[in-house]
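Chains, contacts and geometry: an overview
Next come the chains, spelled out residue by residue.
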Number of protein chains: 2
Amino acid sequence: MDNRSSAGDEAPAEPLNISSDSATASGTSETPFVGERIRELRHRQGLSQRELGRRCGVTNGMISLIEQNKTSPSVALLKKVLSGFPMSLADFFAGVDEGESPPVFFAAHQLKVMDNGTIRFRQLGDHLKGRAMQIMNETYPPGSDTGETMLTHEAEEGGFVIRGRIEITVGHQCTVLGPGDGYYFDSRLPHRFRNIGDETCELVSACSPPSF
Amino acid sequence: MDNRSSAGDEAPAEPLNISSDSATASGTSETPFVGERIRELRHRQGLSQRELGRRCGVTNGMISLIEQNKTSPSVALLKKVLSGFPMSLADFFAGVDEGESPPVFFAAHQLKVMDNGTIRFRQLGDHLKGRAMQIMNETYPPGSDTGETMLTHEAEEGGFVIRGRIEITVGHQCTVLGPGDGYYFDSRLPHRFRNIGDETCELVSACSPPSF
DNA sequence: CCATCGTGTTGAGTATATTTAACACGTGTG
DNA sequence: CACACGTGTTAAATATACTCAACACGATGG
């Protein structure tokens, strides 16, 4: 009935550890910022390790180890610790790797242009990493269509129609918008932009956080 | 020299456990959303537990346990898992307790209008609480001026000029932008918008997070 | 029918997170 | 000086996270 001796169930012939994968995605799984941020938050509130521990139901020793990055706390424990400040998990991780971004102005010809063949996107700025938003000026010729789109990551997007008309479908809702109209929705919902008129449509959109 | 036998070093006469603290701050230290979100993200990418595990260097069994909320992963492991999508810790926790916001379309006459006397702001949506962005269509008559503005809270803002010309000062930088040009800066820097031409200027701006 | 590949789950063993209770150092006081 | 109280750190014990390898179920194909 069973296949216990079947050939290679789970044969990790090679370690497959992160060693070679370390170049992938966002890195090495080390999280030194956790300890630093906890200590900073605690000091800002003028608390000792023991005081904080008593507030949130965690031992002082554990807080010491976390702050020294000698352990990587479980999500559950980290939540307990943060409840002593108080601060949410989202807020804790939100400000982790933000660098101070210098002010920038963009002349029209300096914008990053992406072209779909038909639809043209003019984006504010090139490298969006670390930015809160992706702002674009989009041009839809008559008949153009994005097809059904679905962003994998959590985001919100919205925008204004500048000229022309465009049909927007979000989830099960569908409308045609004209100049001065606007939209705002959760990017995880499937959405589609389609120019069903005979005039080119232009709009300005913003997405937070950036989708790429 | 030492005080090893000192009275009550660390005398937790009462358990002081979370039992009574459970009502404090943001709660019970349970994090059921972690498993749900991981599973959702994995399905959205069409990955099996084993595939995801191989990508990020975590065993399939561990992913199974996480998705069932039978364990609370360490921050380090969660980071490894997310690197398989890829998604940052910040993005993961950012959308944790947001209610699903319904898609919304706004006809031009339904926009919330705010008026400075001279400058007119037409805002996408009314109650911005819980939203990632504040998107506005702004109209600056000739001679209008915001004066020096400084937001107290951390935010970024940017936008496009639709028509007319406007002088924008951010920190120590100053430029005049025309149709098709754009800007993007950190809201904490002092900034000022001024129409020094003889034509009304219109622009679309976005700010994340919303300033009010 | 049995074998093979796929999936997700689970018990046992190992590594590590977390607690408990001590330790070391500094400060003020009798 | 001894002593009480403050801080942060740490060894040993315990609880739990994490891995490894199996198990159970379903689909496909000989």
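Presented here is a report on the structure given in the accompanying data block.

What counts and how
Residues numbered from 1 in each chain as written. Chains lettered and ligands numbered in written order. Predicted model: local features only at pLDDT ≥ 70, side-chain atom pairs only at ≥ 80, totals over all residues. Heavy atoms only, no water. Pairing = 2+ DSSP bridges. Helix = DSSP H or I, 4+ residues; strand = E, 2+ residues; numbered from the N terminus. Axes fitted to C-alpha atoms, helices over the stretch in contact; angles between N-to-C directions. Buried < 20%, exposed > 50% of the residue type's maximum accessible area, 1.4 Å probe, protein only. Arc of directions from axis to C-beta. Core = buried A, V, L, I, M, F, W, Y, C linked by side-chain atoms within 4.5 Å. Contact = heavy atoms within 4.5 Å. Salt bridge = Lys/Arg side-chain N within 4 Å of Asp/Glu carboxyl O. Parallel < 35°, antiparallel > 145°, perpendicular 65-115°, else oblique. Left-handed = near helix turned anticlockwise from the far one by under 90°. Phe/Tyr/Trp six-rings, centres within 6.5 Å; stacked < 30°, edge-to-face > 60°. Lys NZ or Arg CZ within 6 Å of the ring centre and 35° of its normal.

Right, let's get into the sheet that holds strand E6 (residues 166–170) of chain B. Residue and element names in this part refer to chain B. Strand order in the open sheet formed by three strands is E7-E6-E9, and the pairing between neighbours is antiparallel. Looking at strand neighbours, the two that pair on one side only are strand E7 (173–177) and strand E9 (191–194), the edges of this open sheet. Geometrically, the sheet is characterised by an average inter-axis angle of 15° between neighbouring strands, direction not taken into account.

Turning our eyes to something else, we now look at helix H3 (residues 49–56) of chain B. Residue and element names in this part refer to chain B. Within H3 the residues assigned to the buried category are Leu52, Gly53 and Cys56. Projected down its long axis, H3 shows its buried positions confined to an angular sector of 100°, all on one face. Positive phi shows up at Gly57, right after H3, with a value of about 80°.

What follows concerns the sheet that holds strand E6 (residues 166–170) of chain A. Strands pair in a sheet through their backbones, by hydrogen bonds, and they do so in one of two ways: parallel or antiparallel. Residues and elements named next belong to chain A. Strands sit in the order E7-E6-E9 across an open sheet of three strands; the sheet is antiparallel. In the strand order of this sheet, the two ends are held by strand E7 (173–177) and strand E9 (191–194), each with one partner. On average, each strand axis in the sheet is tilted by 15° relative to the strand beside it, whichever way the strands run.

Bringing the nonpolar core into the picture now. Of all hydrophobic cores here, the largest spans 40 residues; its most connected members are A:Ile38, A:Phe93, B:Ile38, B:Leu82, B:Phe92 and B:Phe93. Counting residues per element, this core draws most heavily on helix H5 (residues 75–82) of chain B, which supplies five residues. Setting aside its immediate chain neighbours within four residues, B:Leu82 contacts B:Ile38, B:Leu41, B:Met87, B:Ser88, B:Leu89 and B:Phe92. Within the second largest apolar cluster, 22 residues are counted, among which are A:Met133, A:Tyr184, B:Phe106 and B:Tyr184.

Here we take up the pattern of salt bridges. All names here are of chain A. Overall, the coordinates contain ten salt bridges over all chains when judged by the stated rule. With a closest N to O distance of 2.7 Å, Arg163 and Glu202 form a salt bridge. Of this pair, Arg163 sits in strand E5 (residues 156–163) while Glu202 sits in strand E10 (residues 201–208), placing them 39 residues apart in sequence. Note that Glu167 and Arg194 form a salt bridge whose closest N and O atoms lie 3.0 Å from each other. Taken together, the residues span a long stretch of sequence, with Glu167 in strand E6 and Arg194 in strand E9 at a distance of 27 residues.

The next thing to look at is the packing of helix H3 (residues 49–56) of chain A against helix H4 (residues 60–67) of chain A. All names here are of chain A. The contact between H3 and H4 brings their axes to 8 Å, and the two run at 115°. Compared by their axis directions, H3 and H4 come out roughly perpendicular. As for how H3 packs across H4, the hand of that crossing is right-handed. Residue-level inspection shows Gln49, Arg50, Leu52 and Gly53 of H3 in contact with H4, the latter providing Asn60, Ile63, Ser64 and Glu67.

Here B:Asn137 is to be found in strand E4 (residues 134–140). Note on B:Asn137: relative accessible area 4%, which makes it buried. If sequence neighbours within four positions are ignored, B:Asn137 has contacts with A:Phe160, B:Arg120, B:Phe121, B:Arg122, B:Glu202 and B:Leu203.

Before going further, it helps to examine the packing of aromatic side chains. This model, assessed by the stated rule, comprises eleven aromatic pairs over all chains. The interplanar angle of 15° and the centroid separation of 6.1 Å between the aromatic rings of A:Tyr140 and A:Phe193 together place this pair among those described as stacked. Here A:Tyr140, found in strand E4 (residues 134–140), pairs with A:Phe193, found in strand E9; they are 53 residues apart in sequence, far enough to count as distant. Given a relative accessible area of 1%, A:Tyr140 falls into the buried group. Taken together, A:Phe33, A:Phe92, A:Phe93, B:Phe33, B:Phe92 and B:Phe93 form an aromatic cluster joined through their ring pairs. Over the ring of B:Phe92 we find B:Arg37; its NZ or CZ atom is 5.0 Å from the centre of that ring.

For residues other than glycine, phi is negative in most cases, and the peptide bonds are mostly trans. Residue and element names in this part refer to chain A. At the junction of Ser208 and Pro209, the peptide bond is cis and its omega measures out at -10° in the coordinates. The topology assignment puts Pro209 in the segment after E10. Here Asn69, not a glycine, exhibits a phi torsion of approximately 55°, which is positive. Within the secondary structure layout, Asn69 lies in the loop between H4 and helix H5 (75–82). In this structure Asn69 comes out as partly exposed when scored by relative accessible area, which is 33%.

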